[in-house]
Amino acid sequence: MVLQLTTVPQNSTDVGHTIVSTSSVTTSQKYIPNVYNLTSSQIGANAASFTATTSYSGTVYYAVVAAGTPTSLITTDKIYNKQVSSGVSYGSGSAILQSSGVNTLAQLQLKGLKTQQNYTIAVYLNSTIGISTVFFKNFTTAKASNGASIKIAMSTPINVTSYVTALSQVLSIVRTRIYILTPTQALAT
Amino acid sequence: MNNRYYIYDTIIAPNPEDDSIAPIDQLSSFNSNSNAKALLLTFIPQFIPSYPSTIREIFNTVPRIRTQIKIVALTYNSVTFRVSFWEQ
């Protein structure tokens with residue numbers, strides 16, 4: 001038996017179907033409480049300034065913890081109650097819709113930091129539509145100022161301990177910041 | 001007649017928790033403040049306020065390696081390295 005197939009060229013024709021409507025499963029992200037970004041405007045030796053970009057207006061709460069703290073230990077409840085085990089600074093800022101744009105920003109002023117330390121800042125947004133997840137960012141504080149020395153002259157050898165105590169009171173600094181080198185002798189006319 | 005002075009080189013370290021006033025500013029303020037010097041004189045009568053004190057800023061240096069790292073002891077389950085630096 002022989003089977004024979006023959007192809008015939010077909011021209012495309014308009015069958016008359018029209019797309020009436022479409023549907024989508026994506027939803028708008030704008031009204032979900034969220035912290036999009038955290039940028040540092042200034043990081044000093046003992047303080048830092050951050051700007052948080054959020055999806056909605058509300059209050060941004062933050063905690064500054066030692067870098068390396070497991071993120072699982074940093075929850076919104078612990079940030080709000082200032083109970084993070086390695087927390088060194090807490091605070092909040094108002095997330096406000098900017099008049100000249102669509103961004104909602106919150107300014108955060110961090111204080112009480114130590115120089116040349118690695119920290120993690122954890123923030124979350126508390127708004128009328130709910131609480132966001134925690135957003136993390138690492139940063140390092142700046143180096144402290146250089147030390148300085150001064151040559152102080154005495155007429156006779158003195159008790160160094162008494163001298164350090166006196167100088168700490170005059171300069172209003174702690175005694176542990178003062179170091180005395182072995183005195184040298186000089187002749188003055 | 002010459003007088004003998006005893007010069008105490010006094011170093012102020014920075015404050016890691018509050019760096020708002022740098023040590024060199026603190027000492028410069030002291031050096032130009034007669035009241036502060038008078039106060040120190042009450043505590044330390046041997047202090048000579050008229051002495052022209054000089055102030056220097058102390059810059060940190062990066063530690064430098066003096067001799068490269070080398071193995072000084074090696075066993076089947078331990079190894080000891082040695083490296084030396086110029087500064088402590």
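Quantities reported herein were computed from a predicted structural model and do not represent experimental measurements. (Residues numbered from 1 in each chain as written. Chains lettered and ligands numbered in written order. Predicted model: local features only at pLDDT ≥ 70, side-chain atom pairs only at ≥ 80, totals over all residues.)

Engineer: Before we go on, may I ask you to explain the overall build of chain A in this structure?
Structural biologist: In terms of regular secondary structure, chain A is built from 2 helices and 11 strands. Secondary structure elements of chain A, listed N to C terminal, follow the sequence β-β-β-α-β-β-β-β-β-β-α-β-β. Counting all 189 residues of chain A, 25% fall into the buried class. For chain A, long-range pairs separated by at least 24 residues make up 61% of all intrachain contacts whose partners lie at least 6 apart in sequence. (Helix = DSSP H or I, 4+ residues; strand = E, 2+ residues; numbered from the N terminus. Buried ≥ 20, exposed ≤ 12 C-beta atoms within 10 Å, placed from the backbone. Contact = placed C-beta atoms within 7 Å.)

Engineer: Teacher, can you tell me more about the overall build of chain B here?
Structural biologist: Counting its secondary structure elements, chain B contains 2 helices and 4 strands. Counting helices and strands in the order they occur from the N terminus, chain B gives β-α-α-β-β-β. Taking all contacts inside chain B whose residues are at least 6 apart in sequence as the whole, residues at least 24 apart take part in 24%.

Engineer: Hey, could you run me through the packing of helix 2 (residues 160-171) of chain A against helix 2 (residues 34-43) of chain B in this one?
Structural biologist: Packed helix pairs are characterised by how far apart their axes lie and by the angle those axes make with each other. Contact pair helix 2 of chain A / helix 2 of chain B: the axes reach a minimum separation of 9 Å and the direction vectors enclose 150°. By the angle between their axes, helix 2 of chain A is roughly antiparallel relative to helix 2 of chain B. Crossing geometry of helix 2 of chain A relative to helix 2 of chain B is assigned as right-handed. For the pair formed by helix 2 of chain A and helix 2 of chain B, the contact residues are Ala166(A), Leu167(A) and Val170(A) on the first element and Ala36(B), Leu39(B), Leu40(B) and Phe43(B) on the second. Split by residue class, the contact of helix 2 of chain A with helix 2 of chain B holds 7 nonpolar, no polar and no charged. (Axes fitted to C-alpha atoms, helices over the stretch in contact; angles between N-to-C directions. Parallel < 35°, antiparallel > 145°, perpendicular 65-115°, else oblique. Left-handed = near helix turned anticlockwise from the far one by under 90°. Nonpolar A, V, L, I, M, F, W, Y, C, P; charged D, E, K, R; others polar.)

Engineer: What should I look at first to understand the interface of chain B and chain A in this one?
Structural biologist: Taken together, the contact between chain B and chain A spans 42 residues of the former and 37 residues of the latter. Contributions of two or more residues to the side of chain B that touches chain A are made by strand 1 (3-12), helix 1 (23-31), helix 2 and strand 2 (55-58) of chain B. A per-element tally of the side of chain B that touches chain A places strand 1 of chain B first, with 10 residues. Of the residues assigned to the side of chain B that touches chain A, the class counts are 25 nonpolar, 10 polar and 7 charged.

Engineer: I keep staring at the environment of Gln116(A) and nothing clicks. Help me out?
Structural biologist: Residues and elements named next belong to chain A. Position of Gln116 among the secondary structure elements: in the loop between strand 5 (104-110) and strand 6 (118-127). Note: C-alpha distance between Gln116 and Thr141 (25 residues apart in sequence) is 4.9 Å. Discounting residues that sit within four places of it in the chain, Gln116 has contacts with Thr141 and Lys143.

Engineer: I keep staring at the environment of Val65(A) and nothing clicks. Help me out?
Structural biologist: All names here are of chain A. If you trace the backbone, Val65 turns up in strand 3 (residues 58-66). For the pair Val65 and Asn118, spaced 53 residues apart in sequence, the C-alpha separation works out to 8.9 Å. The residues touching Val65, leaving out its near neighbours within four places in the chain, are Ile74, Val84, Ser86, Gly87, Val88, Tyr119, Thr120 and Ala122.

Engineer: I keep staring at the nonpolar core and nothing clicks. Help me out?
Structural biologist: Among soluble globular proteins, nonpolar side chains are generally buried collectively. By size, the foremost hydrophobic cluster in this structure holds 26 residues, and its most contacted members are Ala52(A), Val60(A), Tyr62(A) and Val123(A). Taken together, the elements giving at least two residues each to this core come down to strand 1 (35-43), strand 2 (48-54), strand 3, strand 5 and strand 6 of chain A. In contact with Val60(A), not counting residues within four places along its chain, are Ala52(A), Thr54(A), Ser92(A), Gly93(A), Ala95(A), Ala106(A), Leu108(A), Val123(A) and Leu125(A). Formed by 16 residues, the second largest nonpolar core is a distinct cluster that contains Ile152(A), Ile12(B), Leu27(B) and Phe30(B). (Core = buried A, V, L, I, M, F, W, Y, C linked by C-beta atoms within 7 Å.)

Engineer: Mind showing me how you'd approach the environment of Ser132(A) here?
Structural biologist: Residues and elements named next belong to chain A. Within the secondary structure, Ser132 is located in the loop between strand 7 (130-131) and strand 8 (135-140). Given 22 C-beta atoms within a 10 Å radius, Ser132 is considered buried. Taking the C-alpha atoms as reference, Ser132 lies 9.4 Å from Thr54; in sequence the two are 78 residues apart. Once you skip the residues sitting within four places of it in the chain, Ser132 turns out to touch Pro33, Asn34, Val35, Tyr124 and Leu125.

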